[in-house]
Structure formats: C-alpha cells, structure tokens
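# Chains, contacts and geometry: an overview
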Amino acid sequence: ALVMKSLANEFFRTMEDGAKAHQKAHAAQYTLVASGIKDETDTAAQIKLVEQMMAQKVDALVIAPADSKALVPVLKTAIDKGILVVNIDNQLDAGALKEKGIHVPFVGPDNRAGAKLVGDYLAKSLKAGDKVGIIEGVSTTFNAQQRTLGYQDAMKTVGATVVGVQSGQWEIDKANAVATGMLREHPDLKALLCGNDSMALGTVAAVKAAGKTGKVLVVGYDNIGAIKPMLLDGRVLATADQFGAKQAVFGIETALKALAAKQHQADMPAMVKTDVVLVTKDTVK
C-alpha cells in the first residue's frame, strides 16, 4: 500500500504516477494499492486510510504522513499486525516512535540541506538587512520544520532579516492569504521563501496583486510542472527537486527488499537518503 498526502498537490500526483509505472514494470512481483487524502491537514482521513489498508491485509505500507506524530499510533498497530512500514517524504517524529517502541525506516532527502540550497541561491540577490518572509508548510510536520530551518540558515549567512514565519499549510489559497498579509505588513519586503511549490504559486499571485512582480523574489520547493514557466520568466527564482516520482519507488523497493529477505520491522535500515538538487531557470528541464 502507498498512502500519500493531498492528491490535490501536483507533487503527490507525480509520486503516484511514478509508483504506478514501477508496479506496471514489476507486475509479477507485487500489487499496488495507492491512496491519498483531499487536503494536507486531514490527518484523521489519513489514519482511516491506514486502517483500511490493515483491513485489506497488505504486506507492506509505504506512507508520506500528513503529521509527524499523529500517525505513529496507527502505524504501531500496523506493525503489530505484521505489516512492514516504510516512511517517505515527511519524516516521522523520533520521540513519538521511541515512545511507541517502534523503528520505521525513513526513505527521503535531507529537507534542511535542500532548502538551504534554494536559500543560498536567493541570498545572491539579497544583502545584509534585507527583509524576507518564510511561508511554512503544516507546522507539525518534520519536513516543513526542516525546510524552514534550511531557509533560516541561508538567510543568517547573508544577514537578511526574517520578519516572520507563517504557515500556508502546503496549499495555494492559504499561502496566497499569508503572502498578501506579509506584503501589506512589510511594504519593503524583498523575498518570500515558500516551503513547497503549491504555496509558491499562491505567493506569486499575491505578489502580482500587490503590483510587486520583479520587486519581491519568490522561491519554492518540489519542482512541480506548474512552476516551470515561472522559473523561466523569473516569477519564481528557484526551487528544489526532490524527485517525487522516485521517492515512492525508493520506499516501495525498500519494502520489497525487506519482504524478500523475510526481514522484520526492527531489522530494516534506519535511513535511505535520496537526492535533492537546486533548480533555476538555467537548469530547468
């Protein structure tokens, strides 16, 4: 089973397509049941999906959790039932896992390092004292927190002032509202750093509505298809590609390997690191 976050987000649709293509190429090896929730914050719906997968008696579960802590109890139940669990995209909280006495391998990129790549590229267009805002994903998620830290690392290096960190909950409309408020509150804002590309789309619209296109720089994270024209015309300065289509596949392959070796949950590797690269108008494909 592959359980994702919001399928309204292009990143997760790409992830699902990658997983389905992999299953098609390995049809004799495994069957795939892929599902996702409607919006990024509907943790309860994602817990229900995991329960459904348990009822379907899946052998392994690959999950991109909507919340780093809230999914841990239901995943413990799955593990107790003998289901192998692999964590992708958003890392589960180490403390919550420890509390439940379970080990879940994480397959994914270093989000802090990826965001720092984007932030460092933006920093070349900034100077000490410039004001910037950070639009964060869902604040209870590990990847949102790590990306914010990566952006802050980069801004600290250049000496820019972060005037605020607010959650756009990974979504276009929420980010648009947050960006609109930040632009109103700080008319001298020089840049907005977004935790994913969906929020960058909403932010670009807010910058345009404020008549500040070209004056307020925008960066994102994920390299979704919708961001490509914006990279090319400068509405978005940079993003990070964490290879969404491959992430689910890496998770599935980790699970398949463990099943083939008859490994138990506790025997699985702690982490499988995947790539994250900077994408700008010069490197966009």
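Report on the accompanying structure. Because the structure is a prediction, the values reported are computed rather than measured. Within any chain, residue numbers begin from 1 and follow the written order of that chain's sequence. For a predicted model such as this one, the threshold for reporting local features is a pLDDT of at least 70, and the threshold for listing and counting side-chain atom pairs is 80 or more; totals across whole chains, interfaces and linings nevertheless cover every residue. Values reported for side chains reflect all heavy atoms of the structure, with hydrogen atoms and water molecules removed beforehand.

### Quick word on the overall build of the protein
Inclusion rule: Helical segments are the DSSP runs of H or I of at least four residues, strand segments are the runs of E of at least two, and each set is numbered from the N terminus. Atoms counted for the radius of gyration: C-alpha only. Globule rule: 2.2 Å times the number of residues to the power 0.38. For every residue, the accessible area (1.4 Å probe, protein chains only) is compared with the maximum for its type, and the residue is labelled buried under 20%, exposed over 50%, or partly exposed between those bounds. Here, two residues are considered to be in contact whenever any of their heavy atoms come within 4.5 Å of each other. Only the protein chains shown count as cover for residues, and all accessible areas are computed by the Shrake-Rupley method using a 1.4 Å probe.
Across its full length, the protein carries ten helices and twelve strands. Taking 285 residues into account, the globule formula puts the C-alpha radius of gyration at 19 Å, and the protein, at 19 Å, falls close to it. Seen through its principal axes, the protein has C-alpha atoms that stretch 60 × 40 × 30 Å. Buried positions account for 53% of the 285 residues belonging to the protein. Within the protein, counting contacts between residues at least 6 apart in sequence, those at least 24 apart form 73% of the total. When the accessible surface of the protein is split by element, carbon and sulfur atoms take 53% of a total near 12,300 Å².

### Describing the layout of surface pockets
The criterion, for reference: With a 1 Å grid spanning the protein atoms alone, the term cavity applies to any set of points in which a 1.4 Å probe fits but cannot get out, the term pocket to an open set with protein on both sides within 12 Å along at least five of seven lines, and the term lining residue to any residue with an atom within 4 Å of a point. Grid points are joined across faces, edges and corners, and a volume is the space filled by probe spheres set on the points. Only Asp, Glu, Lys and Arg are considered charged in this grouping, and only Ala, Val, Leu, Ile, Met, Phe, Trp, Tyr, Cys and Pro are considered nonpolar; every other residue, Gly among them, is considered polar.
Considered as a void within the structure, the largest pocket measures approximately 260 Å³ in volume. In this structure, the largest pocket is lined by 17 residues; those nearest its centre are A1, Y30, T31, D59 and A60. Here the element with the most residues in the lining of the largest pocket is helix α10 (residues 244-260); it accounts for four residues. Across the lining of the largest pocket, the residue classes tally to 13 nonpolar, two polar and two charged. What the second largest pocket holds in volume is close to 190 Å³.

### Here we look at the nonpolar core
Put simply, the rule is: The nonpolar core is taken to be a set of buried Ala, Val, Leu, Ile, Met, Phe, Trp, Tyr and Cys residues, with the residues joined through side-chain atoms within 4.5 Å.
The biggest cluster of nonpolar side chains holds 48 residues, and the ones touching the most others in it are L2, I88, I135, L192 and I227. The dominant element in this core, judged by the number of residues it contributes, is helix α8 (residues 197-209), at six residues. Once residues within four sequence positions are removed from consideration, L2 is found in contact with A19, L32, V33, A34, S35, V62, I88 and A248. Judged by nonpolar contacts, the second largest core, of 24 residues, contains L49, A78, V85 and I102.

### Points about the packing of helix α1 (residues 10-25) against α10
Note the following rule: Every axis corresponds to a line fitted to the C-alpha atoms, with the helix fit spanning only the stretch in contact, and the corresponding angles, defined between N-to-C directions, vary from 0 to 180 degrees. With respect to orientation, any angle under 35 degrees is reported as roughly parallel, any angle over 145 as roughly antiparallel, any angle of 65 to 115 as roughly perpendicular, and every other angle as oblique. Crossing handedness is read from the near helix: turned anticlockwise from the far helix by less than a right angle, it gives a left-handed crossing, and turned clockwise, a right-handed one.
One can describe the packing of α1 onto α10 by two numbers: an axis separation of 6 Å at closest approach and a directional angle of 45°. The angle between α1 and α10 falls in the class oblique. Our pair here, α1 against α10, has a crossing hand that is right-handed. Mapping the contact onto sequence places F11, T14, M15, G18, A19 and H22 in α1 and G244, A245, Q247, A248, V249, I252, E253 and L256 in α10.

### Some details on empty space enclosed by the protein
For the coordinates displayed, the defined rule picks out one cavity of 30 Å³ or more. If you add up the space inside the largest cavity, you get close to 50 Å³. If you trace the largest cavity, you find it lined by K5, N9, F11, F12, E40, D89, N143, R147, W170, N196 and D222. Going through the elements one at a time, α1 and α6 (142-158) are the ones with two or more residues in the lining of the largest cavity. Class assignment of the residues belonging to the lining of the largest cavity gives a composition of three nonpolar, three polar and five charged.

### What to know about the packing of helix α5 (residues 111-123) against α6
At a closest axis distance of 7 Å, the pairing of α5 and α6 adopts a crossing angle of 35°. The two elements α5 and α6 meet at a crossing, and its hand is right-handed. Residue-level inspection shows N111, R112, A115, K116, V118, G119, D120, L122 and A123 of α5 in contact with α6, the latter providing N143, Q146, R147, L149, G150, Y151, D153, A154, M155 and V158.

### A look at the sheet that holds strand β3 (residues 60-63)
The cut-off we apply is this: Two strands are counted as paired when DSSP detects at least two bridges linking them.
An order of β2-β1-β3-β4-β5-β11 is seen for the six strands of this open sheet, with the pairing classed as parallel. In this open sheet, the two edge strands, each paired with only one partner strand, are β2 (34-37) and β11 (271-273). Ignoring which end each strand starts from, the neighbouring axes of this sheet average 20° apart. In this sheet, strand β5 (residues 106-108) lies alongside strand β4 (residues 84-88) in parallel orientation, the contact comprising two bridges. Following the sheet pairing, I88 is matched in β5 by V107. Its contacts with the sheet put α1 on β1 (2-6), β2 and β4, and the angle it makes with β1 is roughly 160°.

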